[in-house]
Amino acid sequence: MRMKRKKNLDERIEKASQDYLIIMKNESLNYKDAVNEEHFLNFAELFGNSNPVYLEVGCGKGQFGCTFAKQNPDKNILCVERNRNVLILAIDSAREMGLTNIKFICGMAEYLPSYLEPNSVEEIYLNFSCPFPKNKHTAHRLTNPRFLEIFKTVMKTDGVICQKTDNMHFFEYSIEQFSSCGFKLSNISLDLHNSDFEGNIVTEYENKFASQGFPIYRLEARL
């Protein structure tokens, strides 16, 4: 079911752009051309410090990002979400918590290379990305090679991509794509909540799926 449009959404988004939000605005709508546009963010100016920057792609309502920011005051996190109706809830949460080390980008992951300088982020989090189950939609999966090549560009050479999902078939697909794109996998879990992994930040979708008895799959991918 599609979420009802939030009241005064445009006004709230405009207010958020004054302190928490960057809105992607590329001249070309073709991401292959748009990536050549340089709108690079100055992290020191954006966050007001020189702390390392972490990236979450598809932040939803912001439970992971806000929790990460609260638990790690010496780190910055940049959260990407294309759905403005959902994104405003994440921004509201960050504002209510008084977080200063989290910022949000409204836009599509395809355009990230025009906003993030090469080798600039420490880790990338893919939390319960849409699995796009139909084979004809595989190009939209965030672990499709076209996205993995983008992530390779913006992450540091010793960086890591952390993925979590409840979808076994998507997880298997992701393992194949990471491997074929030159990533080495580690800390693979087929049932995260019954493993000895420490420090897991539970997302809203994770709560939902785990409460229904679904196992949570997790991996880390490094170049």
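Please refer to the structure higher up on the page.
Attention in this report is confined to the structure presented alongside it. (Residues numbered from 1 in each chain as written. Predicted model: local features only at pLDDT ≥ 70, side-chain atom pairs only at ≥ 80, totals over all residues. Heavy atoms only, no water.)

### Describing the packing of helix α1 (residues 9-16) against helix α5 (residues 84-96)
The condition that has to hold: Structural elements are reduced to axes, namely lines fitted to C-alpha atoms, with helices fitted over the stretch in contact, and the angle between N-to-C directions of any two is expressed from 0 to 180 degrees. Labels follow the DSSP assignment, with helices taken as runs of H or I lasting at least four residues and strands as runs of E lasting at least two, numbered in each case from the N terminus. Should an angle fall under 35 degrees it is taken as roughly parallel, and over 145 as roughly antiparallel, whereas 65 to 115 is taken as roughly perpendicular and any remaining angle as oblique. Rotating anticlockwise by less than a right angle from the far helix to the near helix defines a left-handed crossing, while the corresponding clockwise rotation defines a right-handed one. For this analysis, residues touch if any pair of their heavy atoms sits within 4.5 Å. Under this grouping Gly is polar, as are all residues other than the nonpolar Ala, Val, Leu, Ile, Met, Phe, Trp, Tyr, Cys and Pro and the charged Asp, Glu, Lys and Arg.
Between α1 and α5, the shortest axis-to-axis distance is 10 Å and the interhelical angle comes to 50 degrees. By the angle between their directions, the pair α1 and α5 is classed as oblique. Regarding α1 and α5, the two cross each other, and that crossing is left-handed. Packed against α1, whose contacting residues are L9, D10, R12, I13, K15 and A16, the element α5 presents R84, N85, I88, I91, D92 and R95 at the interface. When its residues are assigned to classes, the contact of α1 with α5 shows five nonpolar, one polar and six charged.

### What about the packing of aromatic side chains?
Quick note on the threshold: Two rings from Phe, Tyr or Trp (for Trp, the six-membered ring) form a pair when their centres sit within 6.5 Å of each other. Planes less than 30 degrees apart are called stacked, planes more than 60 degrees apart edge-to-face, and all others tilted. For every residue, the accessible area (1.4 Å probe, protein chains only) is compared with the maximum for its type, and the residue is labelled buried under 20%, exposed over 50%, or partly exposed between those bounds. Charge-over-ring contacts are defined here by two conditions on Lys NZ or Arg CZ: a distance within 6 Å of the ring centre and an angle within 35 degrees of the ring normal.
Taken as a whole and judged by the stated rule, the model has 12 aromatic pairs. Ring centres 6.0 Å apart and planes at 15 degrees place the aromatic pair Y205 and F209 in the stacked group. Of this pair, Y205 and F209 are both found in helix α8 (residues 204-211), four residues apart, which corresponds to roughly one turn of the helix. Residue classification places Y205 among the partly exposed residues on the basis of a relative accessible area of 45%. A network of ring pairs unites the aromatic residues Y54, F64, F68 and Y125 as a single cluster. Just above the ring of Y20 sits the side chain of K103; from NZ or CZ to the centre is 5.3 Å.

### Here's the deal with the pattern of salt bridges
Here is the rule we go by: Salt bridge, as used here, is a side-chain nitrogen of Lys or Arg placed within 4 Å of a carboxyl oxygen of Asp or Glu.
Applying the stated criterion across every chain yields a total of nine salt bridges. Across the pair D10 and R84 runs a salt bridge whose closest N-O atoms are separated by 2.6 Å. One end of the pair, D10, is in helix α1; the other, R84, is in helix α5, and 74 residues separate them in sequence. Exposure remark for D10: the relative accessible area of 41% places this residue in the partly exposed category. What makes R84 partly exposed here is its relative accessible area of 29%. Its salt-bridge partner being E149, residue K152 comes within 3.3 Å of it at the nearest N-O pair. Of this pair, K152 and E149 both sit in helix α6 (residues 145-154), three residues apart, which is roughly one turn of the helix.

### As for the nonpolar core
To keep it simple, the criterion reads: Among the buried residues, those of types Ala, Val, Leu, Ile, Met, Phe, Trp, Tyr and Cys that are joined through side-chain atoms within 4.5 Å form a nonpolar core.
Ranked by size, the top nonpolar core spans 35 residues in total, and within it L112, I124, F151 and I161 carry the most contacts. Only α3 (43-47), β2 (53-57), β3 (76-81), β5 (121-127), α6, β6 (155-165), α7 (168-180) and β8 (217-222) provide two or more residues apiece to this core. Take this core: its biggest share by element is five residues, from α6. When residues no more than four places from it in sequence are discounted, the contact partners of L112 are M24, L55, V57, V80, I105, I150 and F151.

### Quick look at the pairing of β3
Rules: In short, DSSP must find at least two bridges between two strands for them to pair. Handedness is read with the strands pointing away from the viewer; a crossover is right-handed when the path from the first strand over the helix to the second is clockwise.
Burial analysis of β3 places six of its six residues in the buried class, which makes it a mostly covered element. Note that β2 and β3 share five bridges and pair parallel. Note that in β3 the partner of L55 across the bridge is L78. What joins β2 to β3 is helix α4 (residues 63-71), and the crossover it makes is right-handed.

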